[in-house]
Amino acid sequence: MAAKVKNVFFCNECGYESSKWLGQCPSCKTWNSFVEEPVQRKNAGGASFAGKGVFGERRMTPQKLSEVAQTFQERLCTGIGELDRVLGGGIVPGSLVLVGGDPGIGKSTLLLQTCSILAEREHKVLYISGEESPQQIKMRADRLEEPSGKLLLLAETNLDAVEAAILSEKPEVVVIDSIQTMFREDIQASPGSVSQVRETTGSLMRLAKGEGVSIFIVGHVTKEGVVAGPRVLEHMVDTVLYFEGENAVSYRILRAVKNRFGSTNEIGVFEMRSNGLAQILNPSEYLLEGRPENEPGSVVAATIEGSRTMLVEVQALVCQTNFNMPRRTAAGMDYNRVNLLLAVLEKRLGIPLAYCDAYINVAGGMRINEPALDLAVVFAILSSYKNKEAPERAIVFGEVGLTGEVRAVSMALQRVAEAQKLGYAQCILPYANLESIRKNRKESGGIALIGVKNVRDLFGVLER
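Please read all numbers here as calculations on a predicted model, not as lab measurements.

1. Section: the overall build of the protein chain
1) Next: When helices and strands are tallied, the protein chain shows 13 helices and 23 strands.
2) Next: Principal-axis analysis of the C-alpha atoms places the extent of the protein chain at approximately 85 × 55 × 50 Å.
3) Next: Residue burial in the protein chain is summarised as follows: out of 464 residues, 48% are buried.
4) Next: When contacts within the protein chain are restricted to residue pairs at least 6 apart in sequence, those whose partners lie at least 24 apart make up 67%.
5) Next: Positive and negative side-chain charges of the protein chain, numbering 52 and 54 respectively, have mean locations separated by a distance of 6 Å.

2. Focus on the environment of Arg 198
1) Next: Considering the arrangement of structural elements, one finds Arg 198 in helix α5 (residues 194-211).
2) Next: Here Arg 198 falls in the partly exposed class, since its relative accessible area comes to 21%.
3) Next: In the structure, Arg 198 is positioned 89 residues away from Leu 287 in sequence and 40 Å away in space, judged by C-alpha atoms.

3. Topic: the side chain of Ser 95
1) Next: Relative to the assigned elements, Ser 95 resides in the loop between α1 (81-87) and β6 (96-101).
2) Next: Look past the residues within four positions of Ser 95 in its chain and what remains in contact with it is Ala 208, Lys 209, Val 213, Ser 214, Ile 215, Asp 238 and Phe 261.

4. A closer look at the pairing of strand β10 (residues 214-219)
On a regular strand, one side chain projects to one face of the sheet and the next to the other, so that they alternate.
1) Next: Across the six residues that make up β10, a large majority, six, are buried.
2) Next: Covered by surrounding structure in β10 are Ser 214, Phe 216 and Val 218 together with Ile 215, Ile 217 and Gly 219, the residues of both alternating faces.
3) Next: Alignment of β6 against β10, held across five bridges, turns out to be parallel. From the neighbouring strand, Val 99 faces β10, where its bridge partner is Val 218.
4) Next: Relative to β10, strand β9 (residues 173-177) runs parallel, the two sharing five bridges.

5. Examining the packing of helix α9 (residues 374-386) against helix α13 (residues 455-463)
1) Next: Here α9 crosses α13 at 45°, and the two axes come no closer than 10 Å. By the angle class used here, α9 and α13 are oblique. Every pair of crossing elements has a handedness; the one defined by α9 and α13 is right-handed. Within the contact between the two elements, α9 uses Leu 375, Val 378, Phe 379, Leu 382, Ser 383 and Lys 386 and α13 uses Val 455, Leu 458, Phe 459, Val 461, Leu 462 and Glu 463.
2) Next: A per-class count over the contact of α9 with α13 returns nine nonpolar, one polar and two charged.

6. Digging into helix α4 (residues 159-169)
1) Next: Leu 159, Val 162, Ala 165 and Ile 166 are the residues of α4 that are buried. For α4, the arc enclosing every buried residue in end-on projection is 120°, short of the 170-degree limit, so these residues lie on one face.
2) Next: For α4, the elements touching its buried residues are β7 (125-129), β8 (152-155), β9 and α5.
3) Next: The distance from a side-chain oxygen at the start of α4 to the backbone nitrogen of Asp 160 is 2.9 Å, and the residue carrying that oxygen is Asn 158.
4) Next: Note on α4: the residue one or two positions beyond its end, Lys 170, has a positive phi of about 50°.

Procedures and definitions
Residues numbered from 1 in each chain as written. Predicted model: local features only at pLDDT ≥ 70, side-chain atom pairs only at ≥ 80, totals over all residues. Heavy atoms only, no water. Helix = DSSP H or I, 4+ residues; strand = E, 2+ residues; numbered from the N terminus. Buried < 20%, exposed > 50% of the residue type's maximum accessible area, 1.4 Å probe, protein only. Contact = heavy atoms within 4.5 Å. Lys, Arg positive; Asp, Glu negative; His and termini not counted. Charge placed at Lys NZ, Arg CZ, Asp CG, Glu CD. Pairing = 2+ DSSP bridges. Axes fitted to C-alpha atoms, helices over the stretch in contact; angles between N-to-C directions. Parallel < 35°, antiparallel > 145°, perpendicular 65-115°, else oblique. Left-handed = near helix turned anticlockwise from the far one by under 90°. Nonpolar A, V, L, I, M, F, W, Y, C, P; charged D, E, K, R; others polar. Arc of directions from axis to C-beta. Polar contact = N/O pair within 3.5 Å; in protein donor to acceptor, adjacent residues only side chain to side chain.

Listed below in structure tokens is the structure:
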């Protein structure tokens, strides 16, 4: 009996299915997210996870947690330290990784460089492209100066042919570029549609777990910056990586927003060059290049991204306004947080900032959401308002509360150690962090520590 084809409606956000159009999704509560697609219904039954997989024997009957055999899977190092850091130490066999980012940001470049390195290390790697021909990939590899003679290439969009190639070649790592171009013939919908993306990802997930092959899939993003297709796509994969960057700057940040095998707080920093992506092993030094010396309104802050300490420059420009409503601009940090800190200074120090425009910028295009940036922003605002430069070769970090108090932050010792490594002589930090740092004086020796309890103490440091 032939399968029946009918039209149904899918939610673009969560993949919820409905027989009619709905204004609001009952599952994720998103408005105007339903699209109509033809679907071919299959007979009852489907693929099963039972059988021998990379993570051990899969059984159809429940078992006790204590009876589950623990197997150790050695990670596969990519040869790119920044990528390994974000993945949690390397590629886990049998994992499914989604890589998203804006067009031209460097997703395919990063994966092609990774594949080339792995292939040269005698690992079997298959690069499957649904957007480029093998000749185009070869041209890109030559431009990147990557030795790719042992890398296997396949230009295909039919998922059945892709699965057959993976089963016959049995590679260790597979790259699918991109998931929006793949399609299954038994689904009567165009490539990139909700049903196609969901079903092809499900097939790749079963293939990864069953055969023990690590699969990277590239996902296009929408104008809102999220991966195109149903949101369930991000729930199905093991790891979701986002490649971020601005057109005006050369560096790129690789960030994990989901990782079943590691931390989601780690970031990898790269620089886009003519011959591909290069790792930035010392982001602090890179971000502080060209910083003006002894200029009012310029302060160096110590921030934490995952387990990595980064020094960034915070700039402030405070000037008298010519309008009834002063202008407030924040680039690189939360706008509402800047307004809060301006209100704290006006209330606790009596500074008439209501008559001043205030412009705050984290130099280099970085986006920082850490509360430890507060004290540096406050210091930069005071420095610009008083037209007095900050202490020479000093860094600042700490959280500021509504009463003007300076609260302790985590990983203070690591921040001080990073400043000392780059040759900074002073560190202005929360008074509550002083005791813990002095206990480890060997690691923080050689740098003067100035503890402040509130914004009044900080103002006193500036007036010295």
